[in-house]
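Overview (structure and organization)
Each chain, letter by letter, is given below.
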Amino acid sequence: MLAVTVCVGSACHLKGSAEVIRILKDLIAAYGLEDQVALAGAFCQGHCTEGVVVRVGDELITGVSRDKVFELFQQKILGRCRA
Ligand code: FES
């Protein structure tokens, strides 16, 4: 199971973390990856000026705006899941 956590701390929240979660949730469902990806919210990750912060496994990804979510999904999540 691949853990994907989106920071929902106040700084990331203001930068749209709820929208990032919604888009990721839709993409995970669209690709049928619900049993392979565990999506969750997380408290502040200590990179508040670089939000939205998303952690995929051990990797921390910063600056995830809503228009970058699909790119992140393709590059960091889809490749780590079974087809
Ligand atoms: S609020 Fe997201 S890193 Fe601090």
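Note that this is a predicted model, so its numbers are computed, not measured. (Residues numbered from 1 in each chain as written. Predicted model: local features only at pLDDT ≥ 70, side-chain atom pairs only at ≥ 80, totals over all residues. Heavy atoms only, no water.)

1. Some details on the pairing of strand β1 (residues 2-7)
Across six bridges, β1 lies against strand β2 (residues 37-42) in parallel orientation. Residue pairing across strands places V4 opposite L39, the latter belonging to β2. With three bridges joining them, β1 and strand β3 (residues 54-56) adopt antiparallel strand pairing. Its bridge partner lying in β3, V6 is registered against V54. (Pairing = 2+ DSSP bridges. Helix = DSSP H or I, 4+ residues; strand = E, 2+ residues; numbered from the N terminus.)

2. A few points about the nonpolar core
In this structure, V4, V20, L24, V54, V64 and I77 are the most contacted members of the largest nonpolar core, which totals 23 residues. Here the element with the most residues in this core is helix α2 (residues 17-30); it accounts for five residues. Residue contacts for I77: discarding those within four places in its chain leaves L2, V4, L24, V37, V56 and L72. (Core = buried A, V, L, I, M, F, W, Y, C linked by side-chain atoms within 4.5 Å. Buried < 20%, exposed > 50% of the residue type's maximum accessible area, 1.4 Å probe, protein only. Contact = heavy atoms within 4.5 Å.)

3. Let's talk about the environment of S17
By secondary structure assignment, the location of S17 is in helix α2. Here S17 falls in the buried class, since its relative accessible area comes to 1%. Residues in contact with S17, not counting those within four places in the same chain, are V6, C7, V8, C12 and V52.

4. Overview of the pattern of salt bridges
Within the structure shown, the criterion is met by five salt bridges. Ionic pairing is found between R22 and D26, a salt bridge with its closest N-O pair at 3.0 Å. Placement of both R22 and D26 in helix α2 is noted, with a separation of four residues, approximately one turn of the helix. Take D26: its relative accessible area is 43%, and that puts it in the partly exposed class. E59 is the salt-bridge partner of R80, the closest N and O atoms lying 3.1 Å from each other. In this pair, R80 is assigned in the segment after α3 (69-77) and E59 in strand β4 (residues 59-61), connecting sequence segments 21 residues apart. Residue E59 is classed as partly exposed on the basis of its relative accessible area, which comes to 28%. (Salt bridge = Lys/Arg side-chain N within 4 Å of Asp/Glu carboxyl O.)

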